[in-house]
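Coordinate inspection notes
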Amino acid sequence: MKIIAGNWKMNGTRAALDEMITALGNVDTKNRMILCVPFTMLRPVNGAVKIGAQDISSHDHGAYTGEISGGMLTDAGASYVIVGHSERRAYHNESNADVCAKATAALQAGLVPIICVGETMDEKNADRTMEIIEHGVRESVPQSGGDVIVAYEPRWAIGAGLTPSDDEIASAHTLIANTLADMGRGGTPVLYGASVKGNNAAQIMAIDHVDGVLVGGASLKPDDFIPIITSVK
Ligand code: PGA
């Protein structure tokens, strides 16, 4: 069983989501399917597809104009939330500490946070990939609380049609799995994300410690997303 999560980013409509949920409802799979959609599209969904958000406030209520709390996300039908996506880190200056506070808020609200870590191109070129990943995990994943999911997303590869080599993915995922075990979170699922498509998903998910994928662009249309889901048992 793998976890296949889609990240719609700032795309889609409620009608497109209905269409996707109907299409995924007909897919014969044991894999866990999650769609992380814009706040305005959150809704309760019965069946195999789980719904997630893409961000959360670290506060639980109060005078924080424009923010959305974990309680509001569960109330709207979400059971997952992405935290620390590279676009939030890049455009909203979210640090590992901010991400950890958001993941903690998610756990307190009963949501499963999908916590993203990954290196930029500059960090990769400076041979800092392993250091950035290990710090990202140690500082972004809460020490205690319920289950989490971690996503390794090499920031230079997102939306770029680029993917690391299988060996690079294996090294990153092994480091993340070992770091999580050292933190008392052994067995936490670790997803790979960045330029996953129908034609590379099976190969990526065959790599050690890759428990699923987090898919951006190729999660928007059933014809692109379903082949990823059915590429693995
Ligand atoms: P991509 O995005 O699949 O379009 O590269 C992945 C992500 O940002 O989660």
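Reference entry: report on the structure contained in this document. What you see is a predicted model; the values in this text were computed from it and never measured.

1. As for the pattern of salt bridges
Enumeration according to the criterion identifies ten salt bridges in this entry. In this structure, Arg 43 engages Asp 18 in a salt bridge whose closest nitrogen and oxygen atoms are separated by 2.6 Å. Taken together, the residues Arg 43 in the loop between strand S2 (32-36) and strand S3 (49-53) and Asp 18 in helix H1 (residues 14-25) connect sequence positions 25 residues apart. Among the residues examined, Arg 43 registers a relative accessible area of 28% and is labelled partly exposed. Here Asp 55 and Arg 88 are joined by a salt bridge, their closest N and O atoms 3.2 Å apart. In this pair, Asp 55 sits in the loop between S3 and helix H2 (70-76) while Arg 88 sits in helix H3 (residues 86-91), placing the two residues 33 residues apart along the sequence.

2. Describing the side chain of Asn 7
Mapping Asn 7 onto the fold places it in strand S1 (residues 3-7). Within the structure, the side chain of Asn 7 is placed 3.0 Å from the backbone nitrogen of Lys 9, a separation counted as a polar contact. Setting aside residues no more than four positions away along its own chain, Asn 7 makes contact with Cys 36, Gln 54, Ile 82, His 85, Leu 214, Val 215, Gly 216 and Ser 219.

3. Details of the site of the ligand
Asn 7, Lys 9, His 85, Glu 153, Ile 158, Gly 159, Ala 194, Ser 195, Leu 214, Val 215, Gly 216 and Gly 217 make up every residue found near the ligand. Ser 195 is positioned with one of its backbone polar atoms (N or O) 2.7 Å from an oxygen atom of the ligand. Contacts to the ligand include Gly 217, whose backbone N or O atom sits 2.9 Å from an oxygen atom. Compared with its free state, where it exposes 290 Å², the ligand has 97% of that area covered by protein. Its residues placed into classes, the shell around the ligand shows four nonpolar, six polar and two charged.

4. Focus on the environment of Gly 84
Mapped onto the elements, Gly 84 comes out in the loop between strand S4 (80-83) and H3. What makes Gly 84 buried here is its relative accessible area of 1%. When near neighbours in sequence (up to four residues on either side) are disregarded, Gly 84 contacts Arg 89, Glu 94, Val 99 and Cys 116.

5. Examining the packing of helix H4 (residues 96-108) against helix H6 (residues 129-140)
Two elements in contact, H4 and H6, have axes whose closest approach is 8 Å; the angle formed by their N-to-C orientations is 40 degrees. As far as their axial angle goes, H6 and H4 are oblique. Handedness of the crossing formed by H4 with H6: right-handed. On the side of H4, the interface is formed by Asn 96, Ala 97, Val 99, Cys 100 and Ala 103, while H6 contributes His 135, Gly 136, Glu 139 and Ser 140. Residues that form the contact of H4 with H6 fall into these classes: four nonpolar, four polar and one charged.

Rules used in this analysis
- Every chain is numbered on its own, with residues counted from 1 as its sequence reads.
- Local features in this predicted model are restricted to residues of pLDDT 70 or higher, and side-chain atom pairs are both shown and tallied only at a pLDDT of 80 or more, whereas totals for entire chains, interfaces and linings draw on every residue.
- Derived side-chain values reflect all non-hydrogen atoms in the structure, with water molecules and hydrogen atoms excluded from consideration.
- Definition used for salt bridges: Asp or Glu carboxyl oxygen within 4 Å of a side-chain nitrogen of Lys or Arg.
- Elements are defined by DSSP. Helices are runs of H or I of four residues or more, strands are runs of E of two residues or more, and each kind is numbered from the N terminus.
- For each residue, the accessible area found with a 1.4 Å probe, counting protein chains only, is set against the maximum for its type, and the residue is called buried under 20%, exposed over 50%, and partly exposed in between.
- Two N or O atoms form a polar contact when they lie within 3.5 Å of each other; inside protein one atom must be a possible hydrogen donor and the other a possible acceptor, and for residues adjacent in sequence the pair counts only when both atoms belong to side chains.
- For this analysis, residues touch if any pair of their heavy atoms sits within 4.5 Å.
- Any residue with a heavy atom positioned within 4 Å of a molecule or strand is treated as near that molecule or strand.
- In this description, accessible areas are obtained by the Shrake-Rupley approach with a 1.4 Å probe, and a residue is regarded as covered only by the protein chains that are shown.
- Basically, the charged four are Asp, Glu, Lys and Arg, the nonpolar ten are Ala, Val, Leu, Ile, Met, Phe, Trp, Tyr, Cys and Pro, and anything else, Gly included, counts as polar.
- All axes here are fitted lines through C-alpha atoms, helices being fitted over the stretch that makes contact, and every angle between N-to-C directions spans 0 to 180 degrees.
- An angle below 35 degrees is treated as roughly parallel, one above 145 as roughly antiparallel, one from 65 to 115 as roughly perpendicular, and anything else as oblique.
- Helix crossings get a hand from a simple test, with the near helix turned counterclockwise from the far one by less than a right angle marking a left-handed crossing and a clockwise turn marking a right-handed one.

Taken by themselves, the reported measurements are silent on function.
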